[in-house]
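Per-entry structural report
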Amino acid sequence: MTTKQTLSKLILTGLAGRCPDCHKGRLFSGFLELRKRCDACGLDYSFADAGDGPAIFVILLSGFIVVGAALIVEVVYQPPFWLHALLWGPLILIVTLLPLRLIKGLLIALQYHHRAAEGRFERGEKP
């Protein structure tokens, strides 16, 4: 029971862009740039490597939303192409940029929780 509570708190902490250890310090120094360490507890963020994961999730989610909405509008209303550009351009920016930071914070918090790291070979072990 406590694991679920801890994991749910960790998920909310990641979405808020807070330190996954103390839940107080800030995770980001810019829009998507990570700090070197937590300003509250001193946790080193060098373990955090979300890679392209946040972008992939955002692309899949936003593509589903925008393409689905564009197809529905095209079939039902058949607007001219310039109206499609006016409608979907801003929507694409909203559904891609806004969730990107949230998902990056979430993936870093989950990476910390599960102690996920890059795969490495032991010394002397060959691939």
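One can find the structure itself at the top, above this paragraph.
For the structure given in this document, a descriptive report is provided here.

Attention now moves to the environment of H23. Note that H23 resides in the loop between helix 1 (2-16) and helix 2 (53-77). For H23, a relative accessible area of 26% gives the class partly exposed. For the pair H23 and A40, spaced 17 residues apart in sequence, the C-alpha separation works out to 9.0 Å. If near-sequence neighbours (up to four positions away) are discounted, H23 is found in contact with K9, L10, T13 and R18. A polar contact is formed between the side chain of H23 and the side chain of T13, at a distance of 2.8 Å.

Time to look at the nonpolar core. Among the nonpolar cores identified, the biggest contains nine residues, and these are C19, L27, F28, C38, L43, Y45, A48, A50 and I108. Each residue touching L43, except ones within four places of it in the same chain, is listed here: C19, P20, D21, K36, R37, C38 and Y112. V66, V73, W88 and V95 belong to the second-largest nonpolar core, a separate cluster that totals five residues.

So, how was this worked out
Residues numbered from 1 in each chain as written. Predicted model: local features only at pLDDT ≥ 70, side-chain atom pairs only at ≥ 80, totals over all residues. Heavy atoms only, no water. Helix = DSSP H or I, 4+ residues; strand = E, 2+ residues; numbered from the N terminus. Buried < 20%, exposed > 50% of the residue type's maximum accessible area, 1.4 Å probe, protein only. Contact = heavy atoms within 4.5 Å. Polar contact = N/O pair within 3.5 Å; in protein donor to acceptor, adjacent residues only side chain to side chain. Core = buried A, V, L, I, M, F, W, Y, C linked by side-chain atoms within 4.5 Å.

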